[in-house]
Amino acid sequence: MAAVRLSNHLLSPTRQILQNGSIRLACLNLLRNSSSFKAEDIEIELAKELRAKPDPDKLVFGKEFSDHMLTIAWNKETGWAKPQIKPFQNFSLHPAASALHYSVELFEGMKAYRGEDNKIRMFRPEMNMKRMLRSTQRASLPEFDGDEFIKCMKKLISIDKEWVPYSTTSTLYIRPTHIGTTGSLGVNTAADSLLFVILSPVGPYFPTGFNPVKLLADPQYIRAFKGGVGDSKLGGNYGPTIMIQQEAVKQGCQQVLWLYGDDHQLTEVGTMNIFMFWKNAQGERELVTPPLDGLILPGITRKSLLDLARDWNEFKVTERTFTMAEVMKALKDKRVLEIFGAGTACVVCPVDSILYGGQTLEIPTMAEGAPLTKRFMKELTDIQFGRTPSNWVHIVE
Ligand SMILES: *Cc1c(COP(=O)(O)O)cnc(C)c1O
């Protein structure tokens, strides 16, 4: 308790009040409302000229952006400014901005999908907001009302709706970002921040069919550690992985399998959560994925696959740590059925081999055509594109 009391003065006034259980409930709504921007205050400046939309079949991830962007500035003294939608443009930043020096930066990744009914949908955006607010706290940036932010994003998407590809495979990638903008070299809580959203039309992840990937598993590199920030989408987690990704490509692999600990636990694949479908040591069919123990980014795709599989109730579904030794033993016993990554970009991505300790382990994911991986792909994209009705989607318009 002493530790809690001592650290209380370091928390924002909002957090201090929220920690006081007795008035927490009464104040929650009031605080949320008074300490956030509101979608109804949006100011809109439309672009004078709209750019030609790219061919949905020739999109390269993250290279093209829509005509408009959303920005919302915050200052410690004046609070949140009114949200602004304006033509896509460069920022002007103080060269000492904390985002540039200390990675006071976090982001989200989500998509808007155009259905065959021409309606545009978002997939479980409230879960992205929950995660974004956690990352925001971890970066000591100011909190806001996630529902209001979703409303602002919907407005932006509706203004740029022609940028949502007319396609059942291409989508509009949404990149909400929050950066510290205070121009001061002190490693301190930012006194200014900028929340913004940019939109980028993206093509199908598998343009030539369901292509399995080969992974480099090299235990000398780790992505995250216990007590660290691997479970938050902070920019600082990603820059340092680029070199290892290049190393993977050099060794003939497409992605990195991130191991952890002396027992070489499997944690994530690139920027995807990892799943293994196997017959466990007891001979039961089981879907396993590592638990949210601080190392793992809590993926919305991960959660959705777990929800679907538990709902089907056809095999065991378990969140637990598993190691390379277990995978190798199960491969030897022919008990591994499928291994795949899961994330917003690809939905699911089958794995057909792992380069580990100089040895290539063949994973039989595609042996029977990856039936479970494919079923997840179909079920989730059917929901996202509105072919299966679901309360997981929000209609934008
Ligand atoms: C974003 C991300 C994921 C996937 O999360 P989704 O919400 O499913 O897109 C998984 N692992 C890492 C490291 C990530 O950054």
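Residues numbered from 1 in each chain as written. Predicted model: local features only at pLDDT ≥ 70, side-chain atom pairs only at ≥ 80, totals over all residues. Heavy atoms only, no water.

Asker: Which residues make up the pattern of salt bridges, and what values do they have?
Answerer: As enumerated under the stated definition, the model contains 21 salt bridges in all. Across the pair Arg 121 and Asp 117 runs a salt bridge, and its minimum N-O distance is 2.7 Å. For Asp 382, the salt bridge is made with Lys 378, and the minimal N-O distance between the two is 2.6 Å. Of the two residues, Asp 382 and Lys 378 are both situated in helix H10 (residues 371–384); the distance of four residues between them amounts to about one turn of the helix. (Salt bridge = Lys/Arg side-chain N within 4 Å of Asp/Glu carboxyl O. Helix = DSSP H or I, 4+ residues; strand = E, 2+ residues; numbered from the N terminus.)

Asker: Got a sec to walk through the side chain of Thr 241? Specific residues and values, please.
Answerer: With respect to the helices and strands, Thr 241 occurs in the loop between strand S10 (213–217) and helix H7 (242–250). Not counting chain neighbours up to four residues away, the residues in contact with Thr 241 comprise Arg 223 and Trp 258. (Contact = heavy atoms within 4.5 Å.)

Asker: Describe the packing of helix H8 (residues 300–312) against H10, with residues and values.
Answerer: To describe two helices that pack against each other, one gives the angle between their axes and the distance between the axes. Two elements in contact, H8 and H10, have axes whose closest approach is 11 Å; the angle formed by their N-to-C orientations is 105°. Taken together, H8 and H10 sit at an angle that is classed as roughly perpendicular. Where H8 abuts H10, its residues Thr 301, Ser 304, Leu 305, Leu 308, Ala 309 and Trp 312 lie against Leu 372, Arg 375, Phe 376, Glu 379 and Leu 380. In terms of residue class, the contact of H8 with H10 is built from seven nonpolar, two polar and two charged. (Axes fitted to C-alpha atoms, helices over the stretch in contact; angles between N-to-C directions. Parallel < 35°, antiparallel > 145°, perpendicular 65-115°, else oblique. Nonpolar A, V, L, I, M, F, W, Y, C, P; charged D, E, K, R; others polar.)

Asker: Go over a nonpolar patch on the surface, please, and point to the residues and values.
Answerer: A cluster of nonpolar side chains, namely Phe 91, Leu 93 and Leu 100, defines an oily patch on the protein surface of about 260 Å² accessible area. Mapped onto the elements of the fold, Leu 100 is located in helix H4 (residues 98–102). Accessibility expressed as a relative area gives 54% for Leu 100, which makes it exposed. (Patch = residues over 30% accessible without salt bridge, like charges linked within 9 Å, V, L, I, M, F, W, Y side chains within 5 Å. Areas by Shrake-Rupley, 256 points an atom, 1.4 Å probe, with all protein chains shown as cover. Buried < 20%, exposed > 50% of the residue type's maximum accessible area, 1.4 Å probe, protein only.)

Asker: Quick rundown of the nonpolar core? Include the residues and the values.
Answerer: Membership of the largest hydrophobic core comes to 54 residues, with the highest contact counts inside it found for Leu 257, Leu 287, Val 348, Ile 354 and Phe 376. What Leu 287 contacts, discounting residues up to four positions off in sequence, is Phe 275, Met 276, Phe 277, Ala 309, Phe 315, Lys 316, Val 317, Thr 318, Phe 340, Leu 372 and Phe 376. In this structure, Ile 72, Trp 74, Ala 112 and Leu 234 belong to the second largest nonpolar core, which totals 36 residues. (Core = buried A, V, L, I, M, F, W, Y, C linked by side-chain atoms within 4.5 Å.)

Read these as spatial facts, not as claims about activity.
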